[in-house]
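# Examination of the molecular architecture
Below are the chains, spelled out letter by letter.
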Amino acid sequence: MKQQKIEEHLSLYFIMGSANCGNRDPVDVLKQAIDGGITLFQYREKGEAALKDREKYRLAEKLQRVCADAEIPFMVNDDVELAIELDADGVHVGQDDEAARFVRRRMGNKILGVSAHTIDEAHQAIHDGADYLGIGPIFPTASKADAKKAQGPELIKHFRNQEINVPIVGIGGITSANAQEVIEAGADGVSVISAIAGAENIQKATEELKTKLR
Ligand SMILES: C=C1C=NC(C(F)(F)F)=NC1=N
Ligand SMILES: [Mg+2]
């Protein structure tokens, strides 16, 4: 049941933190993205101006409520303590965050996403109980300062050819111009930051992206 649900939710996965919203209120950005049809949200508070402690908690709480009202699962990036404190729907961790097997123990049956760049990392994440893998960067990205080299949609094909059959979401420089290639390569969905958060008209940009995913 959860496995099937995860695939459903992965199709248009919006990731955002205060640093991605320019001078716009992150709550309004999220509301417009939800109106445009996102299927999953991840709160990712990163960068030198990243909110911390009480401020971060308060924004996370507001974004979580917006997701709850829209029945969109609310994920937290990296910060397992915050995810547990908020009783978030899940957490996403990278290879340099807390090991997925420990996060799984602390998160119980919540959604656990893990970033993987190699087949070995994918096998380890699956062994540790990951519900989905974030694979990328597919295209060059400006949203992650320490991103690895873009590998193209072939990266997703490679994971599928290697019998990695768990839910996969592609990440990295994905826009409405290239989203289709990522799905055709075998991803269950696409995750985006600036293609939505940086758009002039957020709802329209989200709707346009969504049309490419059918
Ligand atoms: C670094 C990341 C890689 N992948 C993902 C996701 F799209 F959720 F899988 N989220 C991240 N924060
Ligand atoms: Mg991380």
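This text goes with the structure placed above it.
Overview of the structure. The shown structure was predicted, so the numbers you read here are calculated from the model rather than taken from an experiment.

Criteria and thresholds
- Residues numbered from 1 in each chain as written.
- Chains lettered and ligands numbered in written order.
- Predicted model: local features only at pLDDT ≥ 70, side-chain atom pairs only at ≥ 80, totals over all residues.
- Heavy atoms only, no water.
- Near = heavy atom within 4 Å.
- Polar contact = N/O pair within 3.5 Å; in protein donor to acceptor, adjacent residues only side chain to side chain.
- Areas by Shrake-Rupley, 256 points an atom, 1.4 Å probe, with all protein chains shown as cover.
- Nonpolar A, V, L, I, M, F, W, Y, C, P; charged D, E, K, R; others polar.
- Phe/Tyr/Trp six-rings, centres within 6.5 Å; stacked < 30°, edge-to-face > 60°.
- Helix = DSSP H or I, 4+ residues; strand = E, 2+ residues; numbered from the N terminus.
- Buried < 20%, exposed > 50% of the residue type's maximum accessible area, 1.4 Å probe, protein only.
- Core = buried A, V, L, I, M, F, W, Y, C linked by side-chain atoms within 4.5 Å.
- Contact = heavy atoms within 4.5 Å.
- Right-handed = clockwise from strand over helix to strand, strands pointing away.
- Pairing = 2+ DSSP bridges.
- Donors = N, O, S within 2.8 Å, 3.2 Å for Na, K, Ca; no water.
- Salt bridge = Lys/Arg side-chain N within 4 Å of Asp/Glu carboxyl O.
- Axes fitted to C-alpha atoms, helices over the stretch in contact; angles between N-to-C directions.
- Parallel < 35°, antiparallel > 145°, perpendicular 65-115°, else oblique.
- Left-handed = near helix turned anticlockwise from the far one by under 90°.

## As for the site of ligand 1
The immediate surroundings of ligand 1 are formed by Tyr-13, Ile-15, Gln-42, Arg-44, Asn-77, His-92, Ser-115, Tyr-132, Gly-134, Val-169, Ile-171 and Ser-191. Side-chain polar atom of Asn-77 to a nitrogen atom of ligand 1: 3.2 Å apart, as the coordinates give it. Separating a nitrogen atom of ligand 1 from a side-chain N or O atom of His-92 is a distance of 3.4 Å. A total of 310 Å² of accessible area belongs to ligand 1 in isolation, and the protein chains cover 93% of it. Of the residues that constitute the shell around ligand 1, the class distribution is five nonpolar, six polar and one charged.

## Remarks on the packing of aromatic side chains
For the structure on display, the rule yields three aromatic pairs. Ring geometry for Tyr-13 versus Tyr-132: centroids 5.8 Å apart, planes at 80°, classification edge-to-face. Separated by 119 residues along the polypeptide, Tyr-13 in strand S1 (residues 12-16) and Tyr-132 in strand S6 (residues 132-135) bring together distant segments of the chain. Tyr-132 matches Tyr-13 in its accessibility class, with the two residues each being buried. Taken together through their ring pairs, the aromatic side chains of Phe-14, Phe-41 and Phe-74 make up a single cluster.

## Side note on the nonpolar core
If you look at the biggest cluster of nonpolar residues, it comprises 61 residues, and the most contacted ones within it are Phe-14, Leu-30, Ile-38, Phe-41 and Phe-74. Looking at which element gives the most residues to this core, the answer is helix H3 (residues 53-69), with six residues. Those residues in contact with Ile-38 that sit more than four places away from it in its chain are Leu-12, Phe-14, Leu-30, Ala-33, Ile-72, Ile-196 and Thr-206. Counting residues in each nonpolar core, the second largest holds ten residues, with Ile-6, Leu-10, Tyr-13 and Tyr-132 among its members.

## Some details on the pairing of strand S2 (residues 40-43)
Of the two faces of S2, the one carrying Leu-40 and Gln-42 and the one carrying Phe-41 and Tyr-43 are both buried. Tracing the backbone out of S1, into helix H2 (residues 26-35) and back to the parallel element S2 gives a crossover that is right-handed. Judged from the three bridges that link them, S2 and strand S3 (residues 74-77) form a sheet pairing that is parallel. Looking across to S3, one finds that Phe-41 is bridged to Phe-74. Between the parallel elements S2 and S3, the chain passes through H3 in a crossover that is right-handed.

## Some details on the coordination of the magnesium ion (ligand 2)
Protein-derived coordination of the magnesium ion (ligand 2) comes from Asp-78 (OD) and Asp-97 (OD), at a distance range of 2.1 to 2.2 Å. Residue Asp-78 is located in the loop between S3 and helix H4 (80-86), and its partner Asp-97 is located in the loop between strand S4 (90-93) and helix H5 (100-107); the two are separated by 19 residues in the primary sequence.

## A few points about the pattern of salt bridges
Per the counting criterion, the structure on display carries eight salt bridges. Lys-110 serves as the salt-bridge partner of Asp-87, at 2.6 Å between the closest nitrogen and oxygen. In this pair, Asp-87 sits in the loop between H4 and S4 while Lys-110 sits in the loop between H5 and strand S5 (111-116), placing the two residues 23 residues apart along the sequence. Close ionic contact of Asp-188 with Arg-160 constitutes a salt bridge, the shortest N to O distance being 2.8 Å. A residue pair is termed long-range when its members are at least 10 positions apart, and Asp-188 in the loop between helix H8 (179-184) and strand S8 (189-192) and Arg-160 in helix H7 (residues 154-161) qualify at 28 residues. Classification of Asp-188 as partly exposed rests on a relative accessible area of 26%. Overall, the relative accessible area of 19% leaves Arg-160 in the buried class. Three or more residues joined by partner-sharing salt bridges are found here, namely Glu-81, Glu-98 and Arg-106.

## Describing unusual backbone geometry
Here the amide bond leading from Gly-136 into Pro-137 is cis, since omega sits at 0°, within 30 degrees of zero. With respect to the element layout, Pro-137 can be found in the loop between S6 and H7. Residues other than glycine seldom take positive phi values, yet Asp-78 does so here, at roughly 70°.

## Side note on the packing of H2 against H3
Packed helix pairs are characterised by how far apart their axes lie and by the angle those axes make with each other. Viewed as axis vectors pointing N to C, H2 and H3 meet at an angle of 20°, and their least axial separation amounts to 10 Å. Accordingly, the angle class assigned to the pair H2 and H3 is roughly parallel. In the crossing of H2 with H3, the sense of the turn from one axis to the other is right-handed. Contacts from Pro-26, Val-27, Leu-30, Lys-31 and Ile-34 of H2 reach H3 at Leu-59, Lys-62, Leu-63, Val-66 and Cys-67. Residue classes in the contact of H2 with H3 are distributed as eight nonpolar, no polar and two charged.

By themselves these figures say nothing about function.
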